Amino acid sequence: MIITVTGAAGQIGYALLFRIASGAMFGPDIPVSLRLLELPQALDAAEGVAMELDDCAFPLLGDIEITDDADVAFEGANVALLVGSRPRTAGMERGDLLAANGAIFAPQGRAINDNAADDVRVLVVGNPANTNALIASANAPDVPSARFSAMTRLDHNRALAQLSGATGAPVSAISRVTIWGNHSATQYPDLSNARIEGERFEIDRTWVEQDFIPTVAGRGAAIIAARGVSSAASAASAAVDHLRDWVLGTPVGDWTSAAIVSDGSYGVAAGLVSSFPVTSDGGDWQIVEGLEIDEFSRGRIDASVAELAEERAAVEALGLL
Ligand SMILES: NC(=O)c1ccc[n+]([C@@H]2O[C@H](COP(=O)([O-])OP(=O)(O)OC[C@H]3O[C@@H](n4cnc5c(N)ncnc54)[C@H](O)[C@@H]3O)[C@@H](O)[C@H]2O)c1
Ligand SMILES: O=C(O)C[C@H](O)C(=O)O
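Bear in mind the structure is a predicted one, so any value in this text is a computation, not a measurement. (Residues numbered from 1 in each chain as written. Chains lettered and ligands numbered in written order. Predicted model: local features only at pLDDT ≥ 70, side-chain atom pairs only at ≥ 80, totals over all residues. Heavy atoms only, no water.)

## Topic: the site of ligand 2
Now for step 1: Surveying the vicinity of ligand 2 reveals the residues Asn127, Arg158, His183, Gly220, Ile224, Ser230 and Ser231.
Now for step 2: Within the side chain of histidine 183, an N or O atom sits 2.6 Å from an oxygen atom of ligand 2.
Now for step 3: Protein chains bury 73% of the 260 Å² of accessible surface belonging to ligand 2 in isolation.
Now for step 4: The class makeup of the residues in the shell around ligand 2 is 1 nonpolar, 5 polar and 1 charged. (Near = heavy atom within 4 Å. Polar contact = N/O pair within 3.5 Å; in protein donor to acceptor, adjacent residues only side chain to side chain. Areas by Shrake-Rupley, 256 points an atom, 1.4 Å probe, with all protein chains shown as cover. Nonpolar A, V, L, I, M, F, W, Y, C, P; charged D, E, K, R; others polar.)

## Quick look at the UniProt feature "active site" (unreviewed entry) in the chain
Now for step 1: What UniProt calls "active site" (unreviewed entry) maps, in this numbering, to His183.
Now for step 2: On the secondary structure map, histidine 183 appears in the loop between strand E8 (178-180) and strand E9 (188-190).
Now for step 3: Those residues in contact with histidine 183 that lie beyond four places of it in its chain are Asn127, Asn130, Met151, Thr152, Asp155 and Arg158. (UniProt positions renumbered as here; feature names shortened; annotations may be inferred. Helix = DSSP H or I, 4+ residues; strand = E, 2+ residues; numbered from the N terminus. Contact = heavy atoms within 4.5 Å.)

## Structural notes on the confidence of the model for the chain
Now for step 1: The share of residues in the chain with pLDDT of 70 or more is 100%, and the mean pLDDT across the chain is 96.
Now for step 2: Overall fold confidence for the complex sits at a pTM of 0.97, while the interface term, ipTM, reaches 0.99. (pLDDT = per-residue confidence, 0-100.)

## Thoughts on the domain arrangement of the chain
Much of the literature gives interface size as the accessible area that the parts lose upon coming together.
Now for step 1: Looking at the assigned domains, one finds that the chain contains domain 1 (2-150) and domain 2 (153-314).
Now for step 2: Centre-to-centre separation of domain 1 and domain 2, based on C-alpha positions: 23 Å.
Now for step 3: Where domain 1 abuts domain 2, roughly 2600 Å² becomes buried across the two surfaces, and 62% of that area is made up of carbon and sulfur atoms.
Now for step 4: Sorting the residues of domain 1 by area buried against domain 2 places Gln11, Arg121 and Asn130 first, and these three jointly supply 24% of that buried surface.
Now for step 5: Seen at the junction of domain 1 and domain 2, the total is 0 salt bridges.
Now for step 6: Where domain 1 packs against domain 2, one counts 12 residue pairs in polar contact (both at pLDDT 80 or more).
Now for step 7: Those elements that place two or more of their residues in the side of domain 1 that touches domain 2 are helix H1 (11-22), strand E4 (79-82), helix H4 (94-115), strand E5 (121-124), helix H5 (129-138) and strand E6 (148-150).
Now for step 8: For the side of domain 1 that touches domain 2, the per-class residue count stands at 17 nonpolar, 6 polar and 4 charged. (Domains from an automatic or database assignment. Buried area = accessible area lost by both parts, 1.4 Å probe. Salt bridge = Lys/Arg side-chain N within 4 Å of Asp/Glu carboxyl O.)

## A look at the pattern of salt bridges
Now for step 1: Applying the stated rule across the entire model yields 8 salt bridges.
Now for step 2: Taking the shortest distance from any N to any O, the salt bridge between aspartate 63 and arginine 35 comes out at 3.1 Å. Taken together, the residues aspartate 63 in strand E3 (residues 61-67) and arginine 35 in strand E2 (residues 32-37) connect sequence positions 28 residues apart.
Now for step 3: The class for arginine 35 is buried, based on a relative accessible area of 10%.
Now for step 4: Across the pair aspartate 155 and arginine 158 runs a salt bridge, and its minimum N-O distance is 3.7 Å. Pair noted here: aspartate 155 and arginine 158 are both in helix H6 (residues 153-167), with a separation of 3 residues, about one helical turn. Arginine 158 matches aspartate 155 in its accessibility class, with the two residues each being buried. (Buried < 20%, exposed > 50% of the residue type's maximum accessible area, 1.4 Å probe, protein only.)

## Overview of the site of ligand 1
Now for step 1: Taken together, 23 residues surround ligand 1, and among them Gln11, Glu38, Ser85, Val125 and Asn127 come closest.
Now for step 2: One of the side-chain nitrogen or oxygen atoms of glutamine 11 is found 2.8 Å away from an oxygen atom of ligand 1.
Now for step 3: Contact distances for ligand 1 include 2.8 Å between an oxygen atom and a side-chain N or O atom of asparagine 127.
Now for step 4: Coverage of ligand 1 by the protein chains reaches 83% of its 870 Å² of free accessible surface.
Now for step 5: Among the residues making up the shell around ligand 1, the classes are represented as 11 nonpolar, 11 polar and 1 charged.
Now for step 6: Each of domain 1 (2-150) and domain 2 (153-314) contributes no fewer than three residues to the shell around ligand 1.

## A look at helix H10 (residues 295-317)
Now for step 1: Its 23 residues give H10 an end-to-end C-alpha distance of 33 Å, which sits within 8% of 33 Å, the value for a rise of 1.5 Å per residue.
Now for step 2: Regarding H10, the residues found buried are Ser297, Ile301, Ser304, Val305, Glu307, Leu308, Glu311 and Val315.
Now for step 3: Here the buried face of H10 lies against H4, H5, E8, E9 and strand E12 (273-279).
Now for step 4: One side-chain oxygen of the residue at the start of H10 lies 3.2 Å from the amide nitrogen of phenylalanine 296, identifying that residue as aspartate 294.
Now for step 5: Downstream of H10 by one or two residues, glycine 319 has phi in the positive range, about 75 degrees. (Expected span 1.5 Å × (residues − 1).)

In structure tokens form, the structure reads like this:
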């Protein structure tokens, strides 16, 4: 399996590469070769990471290639993790960030289109992840859009952890939690269908609305406030979970959350990259259909999807789609 990681010398890269190389992503039987894409000024740091990977003597790890050339990095890639992106800095407006990231994700989409393996699967982690995935997919016309996804698994895992903490139920007993919409503060972490030990349970709506939702949706900012930098190990762990479930399949009776290109399900405008409840049997992600959406959920989903539509309009105006 050839796995390309962009932004490989960054914080998430440093937490992610060792887990991939150890077999945590695809299990103990699948050897992995790594392609690390970095900016020219970070190539030395990426070399250092590769030296440490060598020093782990991972039995599953094949060759490691380090490059600042996207065509080389995505050559033959079966999996592409697009982590490297331009973080927001002081004085930057949302539109500036979208433009800066368009300059990264449009060429990377083209490089994936021209060089990746026929079965490539792409996970966008770099923010704003949903819209970056939209840009990459739009610039890869020969790759089915179903092969592009953006990461909301970290939000999903945060929701599991919060519910576990509030109920005392172990994370392993909780199922059917959903993240809808954008990987941003407007996301909607939804417990309407959640189960503990396979059963529906009584849930305090005040806690959901005033504590659970703001905690999950604001967790990225809370981590930045506490650490001074954004989440890295938990983001890497979520990326491992996302790819494992996509390639090896989700557990029977449960689903996960991933941002994928909407087919119009649940009133989410077709073409937007929005988070949904999804399953996989090892092929494409499938949206879990037929869930009842009450008025509260409808409002929350619509608000986050409206933000996604605004982001799409902004990158469309920049000529990135
Ligand atoms: N979706 C999520 O749940 C989630 C969670 C945490 C972080 N993030 C996002 O992930 C991204 C990476 O976070 P980080 O903490 O690793 O950042 P970081 O700044 O530590 O590392 C980013 C790396 O990307 C590299 N890079 C920048 N542009 C590149 C390009 N065009 N090609 C290749 N490499 C490039 C930089 O040189 C740097 O080494 C950020 O956008 C962050 O906001 C997303
Ligand atoms: O919130 C952020 O900016 C960082 C990241 O997307 C996160 O969710 O931790």
